[in-house]
Protein chains: 4
Amino acid sequence: LNDSTSTDAGRAIPRLEDFPHRTTITMRLGDHDHQNHVNNVVYGVYFESSRVLFMRETLAGYDWGTTGFVVARLEINFVRELHWPGDVIAVCGVERLGSKSVTYSQAVFHEGVCAAHGRTTMVLIDRTTRKSTALADPMIARFKTRMVRSGA
Amino acid sequence: LNDSTSTDAGRAIPRLEDFPHRTTITMRLGDHDHQNHVNNVVYGVYFESSRVLFMRETLAGYDWGTTGFVVARLEINFVRELHWPGDVIAVCGVERLGSKSVTYSQAVFHEGVCAAHGRTTMVLIDRTTRKSTALADPMIARFKTRMVRSGA
Amino acid sequence: LNDSTSTDAGRAIPRLEDFPHRTTITMRLGDHDHQNHVNNVVYGVYFESSRVLFMRETLAGYDWGTTGFVVARLEINFVRELHWPGDVIAVCGVERLGSKSVTYSQAVFHEGVCAAHGRTTMVLIDRTTRKSTALADPMIARFKTRMVRSGA
Amino acid sequence: LNDSTSTDAGRAIPRLEDFPHRTTITMRLGDHDHQNHVNNVVYGVYFESSRVLFMRETLAGYDWGTTGFVVARLEINFVRELHWPGDVIAVCGVERLGSKSVTYSQAVFHEGVCAAHGRTTMVLIDRTTRKSTALADPMIARFKTRMVRSGA
């Protein structure tokens, strides 16, 4: 659906095999909106389950101290309409590491075809002060093992 | 919350008065997630109500024929956490016109402060074929009267 | 919409003035479902905001210790369809007090007409053990000041 | 969680094998609320997918004319808390047939245990006039083949 005016128009549609993690999610009738297709924000709900499962695996046993991640930026490019019933596969990998943030590459596939792809930037914060804080080296090391393949 | 690694980090935070349309939305306890703040995708729900009200006003009485808009791209930058109870003001204006698409600048304010801002690109499609189609001149003329002010 | 076969068919439709508490909630386009009206579970979302505001007011300053309420039963009777845009008024009052639970009478009004009414039973639990526990006398005393008027 | 004060307290908890239809639904992190468990209304979302799949199967090829069902009443009894990640099994069967309505018995199971059970009454309406209308004999005949087993 992307027009040439979109800021991200030149971005290639990612492939399922480029991502280090995948999870299957059942669509629900309640995902449909007044246009009788899956509503745009529901793709963000799929992204969230995928991303948090990915983080739990990647950082299993990691000592968080008082820190945690919050979403700082979300981008979704919608490629295909989705309709219940059926399943989607949501995928996730690390695209970029900042000093205080991580950007995930995320996508949703349906019947082998990419229905949407995007990025989520999460900033590490101190959960008490709610201020951003630096990623520790052990966390960075773990993230580096789970990068999305170039081009995705 | 935006870190310097965010792709949109240099973007100025918009001001309420830069937008030609605003609407008030009550937050709901159900907007909260497991982190006990308004979930990231709920900002997209606020955007949707705001954008569609804006479109209805801007295109009131317009002859759509068999065409309609679908969301092609959504970007949200999260600036502040939100907590129920209370209201937000959601604002919208046209940021850019493509040959087959329109990009809206959107934001959510709470107590006078910007909590999130972003863009939504919508592509005009033929509702039967689901293929993109050109914006007609009368539609473009209307959109041009409701641009967001530069800098927003 | 209630047919004579409904278990609650004989129940009178409540009046706005029978309830000790009311709150206004903006409907959202995202409340619509594939049938292009407000989805049935969204009335439950309205109930939740209304009920928790009511509880906060009624029990303001109350010492909860380690206890809290969880929803044990929800009933909603749907009387009228709702369509965005617009506001609803959600109302709440205490209908019945049990030894370990409270049952609220709840309703949603739109343009002065009841769109849905129902009940929510909440059970007090110990938040650590997740087991039900008795309502303390001071809590009961507060609830008794905020009963729904008979007939509602 | 049901206390003896609940109106439905005497109702037996249904068994998975009593229902003629079952479907598996992935929970989502977004199903969690501020209490960090699956929110009460989300069980209603599970019910909806289950019920509509059941109806589609039971009435496959049925000539609806201008009629359709709307929800007239929803009851949910919450038995156990649910937490993402994981799947639930949602089940459905016909409990009672009225002249203009059908009441479904519905439940949600997690790891073989009932997490919630309830009923949904749907009224047949003429989609143009939005008035209730009688169930036709062929529809009734189909529903009678898919009753929930007594006791459920």
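This write-up is about the structure you can find in this document.

Reading the values: the criteria
- In this numbering scheme, every chain counts its residues from 1 along its sequence in written order.
- Chain A is the first chain written and ligand 1 is the first ligand written, with later ones labelled in order.
- Local features in a predicted model are, by the rule used here, given only for residues with pLDDT of at least 70; side-chain atom pairs are given and counted only at 80 or more, and totals for whole chains, interfaces and linings are based on all residues.
- Side-chain figures throughout are based on the complete set of non-hydrogen atoms in the structure, without hydrogens or water.
- We call Phe, Tyr and Trp rings a pair once their centres come within 6.5 Å, taking the six-membered ring for Trp, and we label the pair stacked below 30 degrees between planes, edge-to-face above 60, and tilted otherwise.
- Throughout, a contact is declared for two residues whenever any of their heavy atoms are within 4.5 Å.
- The buried area of a pairing is the accessible area, by a 1.4 Å probe, that goes missing from both parts when the two are put together, added over both.
- Think of a salt bridge as a Lys or Arg side-chain nitrogen and an Asp or Glu carboxyl oxygen that are within 4 Å of each other.
- Here a polar contact means two N or O atoms within 3.5 Å. Within protein one must be a hydrogen donor candidate and the other an acceptor candidate, and residues neighboring in sequence count only if both atoms are side-chain atoms.
- The classification used treats Ala, Val, Leu, Ile, Met, Phe, Trp, Tyr, Cys and Pro as nonpolar, Asp, Glu, Lys and Arg as charged, and all other residues, Gly among them, as polar.
- Helical segments are the DSSP runs of H or I of at least four residues, strand segments are the runs of E of at least two, and each set is numbered from the N terminus.
- By definition here, a helix of n residues has an expected span of 1.5 Å times n minus one.
- Categorising residues by exposure relies on relative accessible area from a 1.4 Å probe, with only protein chains included: less than 20% of the type maximum marks a residue as buried, more than 50% marks it as exposed, and the intermediate range marks it as partly exposed.
- Here the copies were fitted onto each other by least squares, based on C-alpha atoms from residues at pLDDT of at least 70 in both.
- Working convention: axes come from line fits to C-alpha atoms, limited for helices to the stretch in contact. Angles between N-to-C directions cover 0 to 180 degrees.
- Orientation categories follow fixed angle ranges, with anything under 35 degrees roughly parallel, anything over 145 roughly antiparallel, 65 to 115 roughly perpendicular, and all other angles oblique.

## So, the packing of aromatic side chains
And then number 1: Evaluated as defined, the whole model comprises 28 aromatic pairs over all chains.
And then number 2: Plain terms: the ring middles of B:Tyr62 and B:Trp64 are 5.7 Å apart, the flat faces sit at 90 degrees to each other, and that makes the pair edge-to-face.
And then number 3: Taken together through their ring pairs, the aromatic side chains of A:Phe54, A:Tyr62, A:Trp64, A:Phe69, A:Tyr104 and A:Phe143 make up a single cluster.

## Let's talk about the interface of chain B and chain D
And then number 1: Between chain B and chain D, the contact holds five residues from the first and five residues from the second.
And then number 2: Across the chain B to chain D interface the summed buried area is about 460 Å²; carbon plus sulfur atoms make up 62%.
And then number 3: At the junction of chain B and chain D, the tally comes to zero salt bridges.
And then number 4: Linking chain B with chain D are zero residue pairs in polar contact (both at pLDDT 80 or more).
And then number 5: Along the lines of polarity and charge, the residues of the side of chain B that touches chain D split into one nonpolar, three polar and one charged.

## Re helix H1 (residues 40-58) of chain C
All names here are of chain C.
And then number 1: The end-to-end C-alpha separation of H1 is 28 Å, in line with the 27 Å expected for 19 residues at 1.5 Å each.
And then number 2: For H1, a buried count of 17 out of 19 residues is recorded, marking the element as mostly surrounded by other parts of the structure.
And then number 3: Capping the start of H1 is the job of one residue whose side-chain oxygen sits 3.1 Å from the backbone nitrogen of Val-41: Asn-39.

## Let's talk about the relation of the copies chain A and chain B
And then number 1: Mapping chain A onto chain B leaves a residual RMSD of 0.0 Å; the transformation is a rotation of 180 degrees accompanied by 0.0 Å of translation along its axis. Such a combination of turn and shift is consistent with a two-fold rotation axis. Across chain A, the rotation axis passes nearest the C-alpha of A:Glu75, at a separation of 2.2 Å.
And then number 2: Comparing contact sets, 100% of the residues at the interface of chain A also lie at the interface in chain B, consistent with an isologous, same-surface contact.

## Examining the pattern of salt bridges
All names here are of chain A.
And then number 1: On inspection of all chains with the given rule, the structure shows 32 salt bridges over all chains.
And then number 2: Across the pair Arg-119 and Glu-95 runs a salt bridge whose closest N-O atoms are separated by 2.6 Å. Of the two residues, Arg-119 sits in strand E5 (residues 113-126) while Glu-95 sits in strand E3 (residues 87-97), which places them 24 residues apart along the sequence.

## Section: the packing of H1(C) against helix H1 (residues 40-58) of chain D
And then number 1: Packing of H1(C) against H1(D) leaves a shortest axis separation of 9 Å and a crossing angle of 175 degrees. As the angle between them shows, H1(C) and H1(D) are arranged roughly antiparallel. Of the residues in H1(D), those in contact with C:Asn40, C:Val41, C:Gly44, C:Val45, C:Glu48 and C:Arg51 of H1(C) are D:Asn40, D:Val41, D:Gly44, D:Val45, D:Glu48 and D:Arg51.
And then number 2: Per-class residue counts for the contact of H1(C) with H1(D) are four nonpolar, four polar and four charged.

## Digging into unusual backbone geometry
Trans peptide bonds make up the majority, and among non-glycine residues the majority have a negative phi.
And then number 1: Between B:Trp84 and the following residue, B:Pro85, the backbone shows a cis peptide bond with an omega angle of 0 degrees.
And then number 2: In this fold, B:Pro85 is placed in the loop between strand E2 (67-78) and strand E3 (87-97).
And then number 3: Here A:Arg130, not a glycine, exhibits a phi torsion of approximately 60 degrees, which is positive.
And then number 4: Of note, A:Arg130 is situated in the loop between E5 and helix H2 (137-144).
And then number 5: Here C:Glu111, not a glycine, exhibits a phi torsion of approximately 50 degrees, which is positive.
And then number 6: Mapped onto the elements of the fold, C:Glu111 is located in the loop between strand E4 (101-110) and strand E5 (113-126).

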